[in-house]
Protein chains: 2
Amino acid sequence: MESAIESSAQKGVIGSRVGRLTDGYEKVTGVARYGADIEHANCLAGMVLRSEHPHARLRSIDTRRAEALPGVKAVITAADAPQVLHGFTVHDQTIIARERVRYVGEPVAAVAAVDKATASEALRLIRVEYEPLPAVFTPHDALRSDAPLLHPNFAAYESKVPLNRYGNVCCHAKITNGEVARGFDRSAVIIENTFKTPHVHFGYIEPHAVSAAVDGRGFLTVWTSTQAPFVARAALSHTLKLPMHQVRVIGTAIGGGFGGKVELLDEPLAALLAIKARRAVRIEMSMLEDFHVAQARHASEITLKAGISSDGMLQAFEGTVIMDTGAYAGFGPHTTSQAMVLLGSPYRVPHLRFEGFAVLTNKLNCGALRAPGGPQAALACESTIDMLAEKIGMDPFEVRLKNAKRSGDTTPTGCELRAVALEQTLRAAAERFDWRRAVQRPSNGKLRGKGMACGIWGGSGYGAGATVRVNEDGTATVFTGAVETGAGSTIVATQIVAEELGLGVEDVHVVCGDTESTPFDMGAIGSRTTVSTGQALRQAAVDAKRKILQEAAEQLETRLDDLELRGRQVLVKGVPSRAVPLREITTTLTMKHGGPVMGLGACVMELPGFDAATYESHTLPSKPWFTFGTQMVEVEVDPASGDVEIIRFVAAHDVGRAINPVGIEGQIHGAVTLALGQAFSEQLVFQQGRLMNPNFLDYRMPTALETPHIETIIIEAADEESAYGVKGVGEPPVPPVIPAIANAIYNATGARILELPLSPERVWLALQKVAR
Amino acid sequence: MESAIESSAQKGVIGSRVGRLTDGYEKVTGVARYGADIEHANCLAGMVLRSEHPHARLRSIDTRRAEALPGVKAVITAADAPQVLHGFTVHDQTIIARERVRYVGEPVAAVAAVDKATASEALRLIRVEYEPLPAVFTPHDALRSDAPLLHPNFAAYESKVPLNRYGNVCCHAKITNGEVARGFDRSAVIIENTFKTPHVHFGYIEPHAVSAAVDGRGFLTVWTSTQAPFVARAALSHTLKLPMHQVRVIGTAIGGGFGGKVELLDEPLAALLAIKARRAVRIEMSMLEDFHVAQARHASEITLKAGISSDGMLQAFEGTVIMDTGAYAGFGPHTTSQAMVLLGSPYRVPHLRFEGFAVLTNKLNCGALRAPGGPQAALACESTIDMLAEKIGMDPFEVRLKNAKRSGDTTPTGCELRAVALEQTLRAAAERFDWRRAVQRPSNGKLRGKGMACGIWGGSGYGAGATVRVNEDGTATVFTGAVETGAGSTIVATQIVAEELGLGVEDVHVVCGDTESTPFDMGAIGSRTTVSTGQALRQAAVDAKRKILQEAAEQLETRLDDLELRGRQVLVKGVPSRAVPLREITTTLTMKHGGPVMGLGACVMELPGFDAATYESHTLPSKPWFTFGTQMVEVEVDPASGDVEIIRFVAAHDVGRAINPVGIEGQIHGAVTLALGQAFSEQLVFQQGRLMNPNFLDYRMPTALETPHIETIIIEAADEESAYGVKGVGEPPVPPVIPAIANAIYNATGARILELPLSPERVWLALQKVAR
């Protein structure tokens, strides 16, 4: 083992293809403990009674028979749980439905009992009297002037939108650049289309599972399969009105999150049951339950009118973005604004005007599914670019290249774009794909075509602390509030700390995702972990290194600047004979300064400003960093069945700096595969607010067999404001996938499809229309 | 709740009588989880096969039948566990006995099985062939030139002592000041006596219990009822040759430690079984087992010759200290040197010479029982002072006052004594006790008398880090590696952080005793926690405060110096109207600087130098701080039974600064009670190396009924080198108890008893001698 370590400690580990040290083995061998695997002494089974109605007044709830059932230890209803749930935006939801239910699956009561059978029987004994109310299931219905209101008395909405017109709207946003009329005047071609996307499930294979316990002092600990323990802690603290030091959230192993394990779901219920029963309580959702009540991707309808001059320069975009956000605001306001910003961001469009609405309907809440708003906006934008290019007879690659944003340009809301590599990704993808080559027509009667799409993504930043402890023996223990969602944050943290301290990755242990033992972190959201947590980790390692080198400089009687850490040694530059083992310095420091060397770091990334004159909404449009990518795809369409097969897929993405290329390739593969499912098959099907396909048989996701080979190209346009120049990569590859495929289908068949999924049925029907 | 907090946050909490917030409730209600309460999925029961012989060669061990027993998952012997156990001093012990066993109870093999019954049966199936060897049970036998050697081939001993003479000696120390011959020449009275004390059990009510598990990466976690998780981590790392970042030690709730839960015991066995079985393993000792193998207080024999001039000035001390340390060095070298230093420390003795021996015998190891070496030295020193005083016809109070050390004096090894309050404790105790008042002779035929004794204690220091996180909402989470042994370290940590940050104690949560989530700490040993951890905690809180005030100064456009934190607010001195809630600043800091405010602290207390010319040994004689105390007692002796009853007990101790007076009173009560047991009844009785009273029926400790009312006097002579001036208080009240009682019995009866315990039998026999 020693020799293996030496090599890694000697070489430097940033940029190397290091495999997972921890979570890989644990997941493969079954050692990893997911939400439902956390064991507690005397743990009760918690279960939730959920609304069977999409919209109804709650006349009465009688829990007396449930409470009397032997083995039942706690029953709660809205009377015990009046708290408003604290999410990211508008706080329009209570932990348990009060007075009325607004979607099928909304919690009405919860019980904790000695086992699941008893809990289940207790739910059956609870009598709820509903008075059904008229419901709305689509934004169109919800926006009608005579539509029943979901939140007739909720004051917060009134401040956002004029209630008389938009009673079921929880966000109304506007972006204006220039004067669109002038832009259209200058256009040679103007087209207008409406693009539709359905609700989509997050598709993780582990349903939500949470357990909660209170200690003797009444302090609450919650174990949950979360992407963001500190966000959960803050939300629980605010929701339950407990000071933050009394709430601990421990992230468990996660069987996929993708944005669906960020906001609170059953956590407050488990907490309240544990407080009431004074015993640990675990609530494990079934997948059936999870489908009904976990958040979904927003269904959307985007109408985009666009004009281009005959020389291929975009002149104007005018559009309306409607997001169907379900019964409560959820992530709707953000998703709406984000889609609008993204719609106008990849290309220079001098005149644009967008209007957006997040609309309430009697369906489940919607959240931040990997790149929220991204695929919806990209489908509209990138399909439109291809359509415009065709109309003016120009290669869509050329149109994109001509109009592509460059460094120093801004988003439509005025955030400056740094280190823009859209052109690089376009050229790199085109070269690898050999874009100019004509597609071979197959002899089997199938139709082949090629398509491309670009994408921009603005990631999140800020909100990370990190602590690096260099142990007495020179090994390092690293503390980060980030959680390992499977994306590889642990190995990246290991590499950063090993790099700065001249250690091998084997010498570094990462402690993560427990709000009590690790510094604050915003969580695995917004493609931010490597960028923000990485910055904090680097700073912490550098802080520890400084302390080590200061002591070494004293011992070796040299200048600090002449020293470096490498191969587990303190080296005097140019004098190899004077090297001192790191462990000698750290042992001295421990004895002399009372404890091992501690380094502190924090991410201090600032949000760029934005041009307030361009933007009207109650969410912020600026992001600390943006990145671009280009994808090219060749498809083969079976005209007999409408089935589409991916023949080739090339994805070129700018990641700023690749800390771990194999991890980045994994992220691109994962993001593309996720989007392929949403392109071809995934959609939540509702009838009168009732979900028709709440399982993985009827809700179809791609399996390994249906996943094509994905060729990745990593571009490194370093962002000088981030550690090592990194940008995030978790979400950016998602948006271009669907429009690239839609463009390729059009290229193959002449059928332009404006609505998802691109299912065999829909493709076949489109082919019939083309044939006519 | 709000109003209660306000008052505490407003007033400042250092020095106030705050009750326990956490561990009190948990212990009383049964919520606290002790070593044996830690649950693991699929946990195996570990059991240890222990030597039945005090000294024997191990001919062979056959484990085949045990391994074949269904349900047995791992069996280990010395062949699997060749590692040398890393303790505090000489490393002369292996995890499992190799080649020979040296005491009854020494581990010979260990098994892990699905339950205790199976493990127990497996132990029965292991065949061990012993060849008994001649053994030594007392230092006198061990020091004979023809004594069988316990460690005939152990090189480390040879470097310490000339083997030809002291083959069973693991430490030979000397202290010399001046010329004793000259001192005795100047003496009007010279006396010489030999004082003997027996082995004593630690008397905790929770036997040792440990569990261990390895994760997928092979990293080890050990849950153990330890006073010092970081000491255990380092020892496990060195013993098992695992890098430190791969070892995590989590301290559980402790049912008493008193120094007996510091060094490794079954921890390495549990770890090796868990590694071999790849499942969690728990080893719970029975109390019977704990009595046999956990460490004991060193039995001692101290011969002290002392001279005094007729004006009451001490002239010379000459003495020999012999500590019976059992089969391995253990804490023997330290205890021997410490007793020698303490023997010559309370009083100015111009000429002294001490020689000390830590002697190996075929009995269980000895450790650092609360004030190791203290009661042994004090019995000799303080009995001698009284005897000298009587001989020259002077009140023993006056003799002590005349000779008492003052600030600026040194210990016999040349460590400077700061802020010495021995005189203050003498005067305060005498005033409260009304020392000059003649003792009332009772009419019931019993004999009453009064006695006094002083004590010095040198505590440990150094080795503490601390982190304070001020959460977004202004509450604080504190991280310390110290563990709550029941002594109150948690509430003291809470008070220090609350004081510095202007919070109420309710706003502070302390996370402690987990090597993975907290900074380094030497542990709850050497009366150091409040002194050393306290310093680190204060520094961490001040560091966090500085960051908060810097931000506040910017926001309020004031100078940093004009700001203070009080009542959860940032106040502008003299301008109450400009106060800003702390939570506003901490929320801003979180958003702006990427995570909550983190403050770091470390204890940088330096060990004072010492005069090497005075001292010869392989342990360090210096301590970072010393403190003094005086105790006075009135006893009633029943001449018919020899039974001694405490009528009154006054204890005056200098604690530097009382952070929490109620906690200090508790420490004094506990220390005095512990010493009362050792004064009157406690001793481990051996016959041919076999323990005769390994249970709490035959080994008698005082119950609440036998515990007198103890009057405490807290003296605060601030040590300017420590935070708030604090000195430790856990051990200092132990040493004077026994000699004060022995002096009082003499005063009551005329019988001078030189050997412990002062049992009814021994007192009655002594009375018979006096009567003759």
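In this text the structure is predicted, and so the values were computed from the model without any measurement. (Residues numbered from 1 in each chain as written. Chains lettered and ligands numbered in written order. Predicted model: local features only at pLDDT ≥ 70, side-chain atom pairs only at ≥ 80, totals over all residues. Heavy atoms only, no water.)

Re the domain arrangement of chain A
Residues and elements named next belong to chain A.
Right, so step 1: Domain annotation for chain A reports domain 1 (24–32 + 462–604), domain 2 (35–133 + 207–253 + 261–293) and domain 3 (299–406 + 416–460 + 609–771).
Right, so step 2: Distance between the C-alpha centres of domain 1 and domain 2: 39 Å.
Right, so step 3: On the domain 2 side, the residues contacting the 16 residues of domain 1 number 16 residues.
Right, so step 4: Around 1,200 Å² of area is buried between domain 1 and domain 2 when both sides are counted, 61% of it from carbon and sulfur atoms. (Domains from an automatic or database assignment. Contact = heavy atoms within 4.5 Å. Buried area = accessible area lost by both parts, 1.4 Å probe.)

Description of a nonpolar patch on the surface
Right, so step 1: A surface patch of nonpolar side chains, amounting to about 240 Å² of accessible area, comprises A:Leu607, A:Phe610 and A:Leu620.
Right, so step 2: By secondary structure assignment, the location of A:Phe610 is in the loop between β25 (597–602) and β26 (615–616). (Patch = residues over 30% accessible without salt bridge, like charges linked within 9 Å, V, L, I, M, F, W, Y side chains within 5 Å. Areas by Shrake-Rupley, 256 points an atom, 1.4 Å probe, with all protein chains shown as cover. Salt bridge = Lys/Arg side-chain N within 4 Å of Asp/Glu carboxyl O. Helix = DSSP H or I, 4+ residues; strand = E, 2+ residues; numbered from the N terminus.)

Section: the environment of A:Gly344
Residues and elements named next belong to chain A.
Right, so step 1: Relative to the assigned elements, Gly-344 resides in the loop between α11 (332–343) and β17 (351–360).
Right, so step 2: For the pair Gly-344 and Glu-318, spaced 26 residues apart in sequence, the C-alpha separation works out to 9.6 Å.
Right, so step 3: Non-local contacts of Gly-344, meaning those with residues more than four positions away in its chain, are made with Leu-352, Phe-354, Lys-405 and Pro-412.

Observations concerning helix α9 (residues 229–240) of chain B
One turn of an α-helix holds 3.6 residues; hence residues three or four places apart share an orientation.
Right, so step 1: In this model, α9(B) (12 residues) spans 16 Å end to end at C-alpha, consistent with the 16 Å of a helix rising 1.5 Å per residue.
Right, so step 2: Most of α9(B) is tucked away: 11 of the 12 residues are buried.
Right, so step 3: When α9(B) is considered as a whole, its buried residues turn out to be B:Pro229, B:Phe230, B:Val231, B:Ala232, B:Arg233, B:Ala234, B:Ala235, B:Leu236, B:Ser237, B:Thr239 and B:Leu240.
Right, so step 4: Where α9(B) is buried, its residues touch β19 (465–470) of chain A together with β11 (220–224), β12 (247–251) and α10 (267–277) of chain B.
Right, so step 5: Backbone geometry just after α9(B) places B:Lys241 at a positive phi near 55 degrees. (Expected span 1.5 Å × (residues − 1). Buried < 20%, exposed > 50% of the residue type's maximum accessible area, 1.4 Å probe, protein only.)

A few points about the packing of aromatic side chains
Right, so step 1: In the structure shown here, the tally under the stated rule is 14 aromatic pairs over all chains.
Right, so step 2: Ring centres of A:Phe433 and A:Trp435 lie 6.0 Å apart, and the angle between their planes is 40 degrees; this geometry places the pair in the tilted category.
Right, so step 3: Given the relative accessible area of 1%, A:Phe433 is considered buried.
Right, so step 4: Both rings, one in B:Phe291 and one in B:Tyr699, keep their centres 5.4 Å apart while their planes meet at 65 degrees; by these two values the pair is edge-to-face. Highlighted residues: B:Phe291 in helix α11 (residues 287–293) and B:Tyr699 in the loop between β30 (690–691) and β31 (711–715), separated in sequence by 408 residues.
Right, so step 5: Residue B:Phe291 is classed as buried on the basis of its relative accessible area, which comes to 0%. (Phe/Tyr/Trp six-rings, centres within 6.5 Å; stacked < 30°, edge-to-face > 60°.)

Let's talk about the interface of chain B and chain A
Right, so step 1: Taken together, the contact pairs 57 residues of chain B with 57 residues of chain A.
Right, so step 2: Roughly 4,200 Å² is buried in total at the junction of chain B and chain A, and carbon and sulfur atoms are behind 54% of that figure.
Right, so step 3: One can count 2 salt bridges joining chain B with chain A.
Right, so step 4: Where A:Arg233 meets B:Glu472, a salt bridge forms, and the shortest distance between an N and an O atom there is 3.0 Å.
Right, so step 5: Taken together, the connections running from chain B to chain A amount to 20 residue pairs in polar contact (both at pLDDT 80 or more).
Right, so step 6: Those elements that provide at least two residues to the side of chain B that touches chain A are α2 (23–29), α9, β19 (465–470), β20 (476–480), β21 (508–512), α18 (582–593) and β25 (597–602) of chain B. (Polar contact = N/O pair within 3.5 Å; in protein donor to acceptor, adjacent residues only side chain to side chain.)

Here's the deal with the sheet that holds strand β23 (residues 569–572) of chain B
All names here are of chain B.
Right, so step 1: An order of β22-β23-β24 is seen for the 3 strands of this open sheet, with the pairing classed as antiparallel. Every other strand in the sheet has two partners, leaving β22 (563–566) and β24 (580–581) as the edge strands with one partner each.
Right, so step 2: Alignment of β23 against β24, held across 2 bridges, turns out to be antiparallel. Across the sheet, Gln-569 pairs through a bridge with Pro-581, a residue of β24. (Pairing = 2+ DSSP bridges.)

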